[in-house]
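Observations on the three-dimensional arrangement
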Amino acid sequence: MTRRAAFIVLALLVAGLIGVALIAVPASPLHREATLGLDLQGGLEVTLQAVPEKDQQLTGEDLDRSVSIMRNRVDRLGVAEPEIRTQGDDQIAIQLPGIKDPAAAAKIIGKTAQLELYDLETSLTGPSIDARGIPVPTPRLYDLLARVQAQAERGSPEHWYVFDGKRKLVVGPVATREAALRPLDGKLPEGYKLFGVPEKTVVITCGANAVVCPPGDQGNARSFYLFKYEPPEIPQMTGSDLKLSGTRADFDTSPGAGGAPIVTMEFTGAGSDKFKDITRAEWIRGRIRQAPQHFAIVLDGEIRTWPQIDYTDNSLSGGIGGGRAQIEGLASIDEAKEIAIVLQTGALPVRFVTLDQTAVSATLGKDSLEEAKRAAFVGLIVVAFFLLVFYRFLGVVAVLGLGIYAALLYAAILLFNVTMTLPGFAGLVLTLGVAADANVVIFERIKEEARAGRSVRAAISTGYTKGFHTIVDANAVTAITALVLFAVATAGVRGFALMLLIGTAISMLSAVLVTRALLTVLSGFRWFDNPRFMGASAQEIPRWQRIDVVGRRRLWFILSLVAIGLSVVALVVKGLNLGIEFKGGTQVIFTTPKALPIGDVRDQAAVIGEGGALVQGRGEAQGGGDLYTSFEIRTQALDDAEQARLETALQQRLDAQIENTRNVSASFSRTILRSAILAIVVSFLLIAGYVTARYQWRFAVPILRTLLNDVLITIGIYAISGREVTAATVAAILTILGFSIYDTIIVFDRVRENIKLMPRASIATIANVSVWEVLRRSMVTSFLTLLPIVSLFLFGGETLKDFAFAIMVGILVGAVSTIFIATPLLTVLMERDPAWARKRDIVGGAEVSVGGMVLGDEGGDEGPGTKPVVAPPQPAPVPSPAAATLGAPDVSSSAKRERRRQRRSSRPHGRSR
């Protein structure tokens, strides 16, 4: 890069920074606010899955229509900036940030709005109606279905349910037997029961959403009924008989009603006739039986109300006409509004079930945001401080580049409207280390070139040229893992992957272009044109750095196998503490105003009815080590009513403040687990393909072996420590793949370069020398990456501690395995190549100068070619022919330049005639 080009780059950079200021400063007319995710501002996130009926085929139009209806419902809730999108072939993901009542919103958005009106007494069948025509409720679904299995086996059931050994519902309702067994890997576990619903019948429930259930004497207890289901005769009416424009929530102003909440309904012409016929038949039957008859208004398979026809009122003998009716007996105007919203927006074309539901309180979101900001700020400061201390003036340039990187990254977040999530902040903090690492790789290259005798300007140019390939390879692998994560992960982890991808791209820009332009401009000043000013004077490789990684390779391989063996034993014996994403269930996180023992919370959970739940304290223990103010309860998957009952009980008994609730179905947890495994496998394959294309297969095999080593040991440490494995942990493991390769590529790039520079040396010598040359750089890059992750671990809050822990372990394991596993294994594979086998035992006797550091080739305890020789900064002498015949690697770049200079000086400057 010329100085003119450098000035142009800096001018463009200044213009870009002005633009960043215009969109970042609140007073600017172009100001934009960062979009915060649910975990940083509170709200509701729901993943719904379409479940078509037995003979119904799900189409893209069905999903698009469903998204439109749900968006209409959400708009009526008044949620700002909701996000509703299709996901996969049969899912819809909904995010409602900042919503005040997540539970109420969750009830509305997924309602299929299948309004059905049954003539109650004639539609009930089997054990749900007695001989007198009185409805008979069954408190447990298991008991109801168990009583009708003989009838179900005689026909072709259209709905199936699976219950576990405790008679708790596991799967259902689904349309086929195969669909019921699919989440159980096609086989019914021991103690489980598979029940079908008799042909031409359907199970309808009644519970907390109804004021009272038939026959009227069981309060709010949940009840189950078996109804006849023979469309179009039964149910007698549906939502298609309703005019949506005439449906609304209102108050009953008639005399004696007391302004009770109601929902008014207006029927179509055909619907009005049907309603009149039904009510007339019920009036006649009531006169005959001398008992009130009812019609049940059923919404999505649940009885909402069941008004009666007064058989003593002769004015109803002809039925209720006029095309209008109203739903009465509602508990509140909020319930009336909820029913009206669902009916107004029309029926969804397919039934949906909830796979994953997460509600985050605004308080927890605010606290998480502050913790994430603090972690990012501290991470930036410690990285900048390290660069200044370690690189001095070059550190000033690096810190300036890091500040520019941070500004450009923030601008990208605003311009592309990236939703910032908690994992996204983790990715942002991690990219601070990525950006600093790129500078370290290039600065070390520049210093090597300066030590070899180049001018500062030439050293900068050559250093960037050589370092660029290493940075591209390392960041390409990081980008591969980020892309795989983004493709298969859930929403939160996608935020991390997106930030990692954006940060990697911008770090390339800032390290390769911005800092190069700065150094190019500075190199034009006389005071800067001094290698010592850059810390580039010749130096001896210290003894601790001269590790014989090749000669003791058997020891390293044995230690690696022992570590892997211990990890496997830990996985088999102790297992992993899988999070709710992988096991399914309900998780409730809450705080209490005063510290409580875990035992007391467990006792209260048992009283509530969740005695089998897992209760854990969160955060720092207080008092005697058993007192906490933050707790987590994890239990089997609960339905909406059971979850509401648990939260209410916790609030009443423990004065708890609910901060986060999550409900994950078993089928969705298996989907997440499969996606995680797929992401790891695909990452392995893509990385192997990239490395093979860039190098050769003998380089790719050690890298993959190292990755396997790092992942297994990291997982083993997780098993030993008992830390929770979440979807974010999988993201961390995939990130480890990228960073493990980062160090390996730095070493392998130097090996590939030294193979050309040391044509007569054995591969063992080349490998050892390459490790010595880059060991300091590798340690610095690993340490720089660890600094912001440690900040994340200390200040990122409880949610990100497990994620940061995995990254820290992976970086440390990866740094060690690069030196002691990947490099020796590469040597083993290369020595099997006939071209290298004959060089295995060659030992030279001349000095070798590589990268400005002078190495002796006299052998010794450290292995062949390991004795350091201190040399002055001038060019090294040309080796004698005798030394060359012994196979000494005559590779000094300064020596080559010296030979060319001598040849030029010996040439005549003119011709004699």
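Residues numbered from 1 in each chain as written. Predicted model: local features only at pLDDT ≥ 70, side-chain atom pairs only at ≥ 80, totals over all residues. Heavy atoms only, no water.

Quick notes on the packing of helix α12 (residues 393-415) against helix α13 (residues 422-451)
Contact geometry for α12 and α13: axes closest at 10 Å, N-to-C directions at 145 degrees. Where α12 crosses over α13, the two elements pack in a sense that is right-handed. Residue-level contacts link L394, V397, A398, L402, Y405, L409 and I413 of α12 to L428, T431, L432, A435, A436, N439, F443 and K447 of α13. Across the contact of α12 with α13, the residue classes tally to twelve nonpolar, two polar and one charged. (Axes fitted to C-alpha atoms, helices over the stretch in contact; angles between N-to-C directions. Helix = DSSP H or I, 4+ residues; strand = E, 2+ residues; numbered from the N terminus. Left-handed = near helix turned anticlockwise from the far one by under 90°. Contact = heavy atoms within 4.5 Å. Nonpolar A, V, L, I, M, F, W, Y, C, P; charged D, E, K, R; others polar.)

Here's the deal with helix α9 (residues 269-289)
Under the 1.5 Å per step criterion, the end-to-end length of α9 is 31 Å for 21 residues, consistent within 8% with the ideal 30 Å. The complete set of buried residues in α9 reads G271, S272, F275, I278, T279, E282, W283, R285 and G286. Two residues or fewer past α9, Q290 is found with a positive phi of approximately 55 degrees. (Expected span 1.5 Å × (residues − 1). Buried < 20%, exposed > 50% of the residue type's maximum accessible area, 1.4 Å probe, protein only.)

Concerning the nonpolar core
Residues L387, F443, L784, L792 and F803 are the most contacted members of the largest nonpolar core, which totals 135 residues. Setting aside chain neighbours within four positions, we find L792 in contact with A375, A426, V429, L800, F803 and A804. (Core = buried A, V, L, I, M, F, W, Y, C linked by side-chain atoms within 4.5 Å.)

Details of the sheet that holds strand β4 (residues 91-97)
Strand order across the open sheet formed by eight strands is β3-β4-β2-β18-β24-β21-β23-β22, with antiparallel pairing between neighbours. Each edge of the open sheet is held by one strand with a lone partner, namely β3 (83-87) and β22 (614-618). Geometrically, the sheet is characterised by an average inter-axis angle of 20 degrees between neighbouring strands, direction not taken into account. Pairing geometry for strand β21 (residues 585-597) and strand β23 (residues 627-635), over eight bridges, is antiparallel. When the bridges of β23 are listed, I589 appears paired with E632. (Pairing = 2+ DSSP bridges.)

With respect to the pattern of salt bridges
For the structure shown, the criterion picks out eleven salt bridges. Of the charged contacts in the structure, one is a salt bridge between D241 and K274, with a shortest N-O distance of 3.4 Å. Remark: K274 occurs in helix α9 and D241 occurs in the loop between β11 (237-238) and β12 (242-251); sequence separation between them is 33 residues. The exposure class of D241 is buried, given its relative accessible area of 6%. Residue K274 is classed as partly exposed on the basis of its relative accessible area, which comes to 35%. (Salt bridge = Lys/Arg side-chain N within 4 Å of Asp/Glu carboxyl O.)

A few points about the environment of G424
Residue placement: G424 occurs in helix α13. Classification of G424 by relative accessible area gives buried; the value is 0%. For the pair G424 and L500, spaced 76 residues apart in the sequence, the C-alpha separation amounts to 8.0 Å. Every residue in contact with G424, bar those within four places of it in the chain, is listed here: G495, F496 and M499.

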